[in-house]
Amino acid sequence: QQHELFEALRRRVIQVELFGGESIAELRSAVRELGAQVAADARAAEFLARLDHALKPRHTASLAATRAPRVLFVVNRDPLWVAGGDSLVTELLRAAGAESAYQDVARPWLQVDLEDVVARDPDVIVDTTLWSIATNSSGAPDAAQSTWARFATHLRAVRERRVYAFRPVRAGIHVPEWVADLA
């Protein structure tokens, strides 16, 4: 659908640029290229400096220092889609001192079943599907926890109340803030 839109714009001689966004490297490249195209090299450099600062390795003290917490990053619940090892999200989790529960799967996103999630037993669940509910509700902190508690009480993250609603992550200017929020 987007491809058709871009082609229609190009036929009307409107410049269209497509930038990748599945990795930090692609984001860096897109920022540099876009900055050069719109004569905003200085602003692009400022953003890249903020990004570099945000991506400095961190360590979380919330779990035992022996390993980084394993995070199930959910982008859809029915069916269940999560971040895999080749996603921007996995890179951001690493920068925040955590690891993706599916970092061993060489795909950006994958559909999984609850049985597989149970086998991996993540330490933390971050669910982007609940962000609008959590931000529009007086019970925001408990929205994600109560949703997952209805069907996954056997998961460590649910039992230990480490289930969080989080805004969707996309490559762009908010990446440094997302890393800080994930930490």
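Residues numbered from 1 in each chain as written. Predicted model: local features only at pLDDT ≥ 70, side-chain atom pairs only at ≥ 80, totals over all residues. Heavy atoms only, no water.

S.K.: When you look at the layout of surface pockets in this model, what are you seeing that I'm missing?
M.R.: Think of a ball as big as a water molecule: rolled over the atoms, this probe shows where empty space is left. When its volume is computed, the largest pocket comes out at roughly 410 Å³. Lining the largest pocket are 17 residues, with Val31, Leu34, Ala44, Phe47 and Ile173 positioned closest to its centre. Of all the secondary-structure elements, those providing two or more residues to the lining of the largest pocket are helix 2 (24–37) and helix 3 (41–54). Tallied by class, residues from the lining of the largest pocket come to 11 nonpolar, 3 polar and 3 charged. (1 Å grid on protein atoms, 1.4 Å probe; cavity = no way out; pocket = protein on both sides within 12 Å on 5 of 7 lines; lining within 4 Å. Points joined across faces, edges and corners; volume = space filled by probe spheres on them. Helix = DSSP H or I, 4+ residues; strand = E, 2+ residues; numbered from the N terminus. Nonpolar A, V, L, I, M, F, W, Y, C, P; charged D, E, K, R; others polar.)

S.K.: Can you help me understand the pattern of salt bridges in this one?
M.R.: Pairing between side chains becomes possible if they bear opposite charge and their charged atoms approach one another. Enumeration over the complete set of coordinates arrives at 10 salt bridges. We note a salt bridge from Glu7 to Arg10, for which the minimum N-O separation is 3.0 Å. With Glu7 and Arg10 both in helix 1 (residues 2–11) and 3 residues apart, the pair spans about one turn of that helix. The exposure class of Arg10 is partly exposed, given its relative accessible area of 36%. (Salt bridge = Lys/Arg side-chain N within 4 Å of Asp/Glu carboxyl O. Buried < 20%, exposed > 50% of the residue type's maximum accessible area, 1.4 Å probe, protein only.)

S.K.: I would appreciate a short explanation of the side chain of Thr128 in the present structure.
M.R.: Within the element layout of this structure, Thr128 appears in the loop between strand 5 (124–127) and helix 6 (131–135). Among the polar contacts listed, one links the side chain of Thr128 to the backbone oxygen of Val74, at a separation of 2.9 Å. Residues in contact with Thr128, not counting those within four places in the same chain, are Phe73, Val74, Val75, Phe166, Arg167 and Pro168. (Polar contact = N/O pair within 3.5 Å; in protein donor to acceptor, adjacent residues only side chain to side chain. Contact = heavy atoms within 4.5 Å.)

S.K.: Can you help me understand the packing of helix 2 against helix 3 in this one?
M.R.: Axis angle and axis distance: for two packed helices, these are the angle between their axes and the distance between the axes, and together they describe the pair. Between helix 2 and helix 3, the least distance of the axes is 7 Å, while the angle of their chain directions is 160 degrees. Relative to helix 3, helix 2 is oriented roughly antiparallel. Of the two elements, helix 2 crosses helix 3, and the hand of that crossing is right-handed. Counting all contacts with helix 2, which are made through Ile24, Leu27, Arg28, Val31, Arg32, Gly35 and Ala36, the residues of helix 3 involved are Asp41, Ala44, Phe47, Leu48, Leu51 and Asp52. (Axes fitted to C-alpha atoms, helices over the stretch in contact; angles between N-to-C directions. Parallel < 35°, antiparallel > 145°, perpendicular 65-115°, else oblique. Left-handed = near helix turned anticlockwise from the far one by under 90°.)

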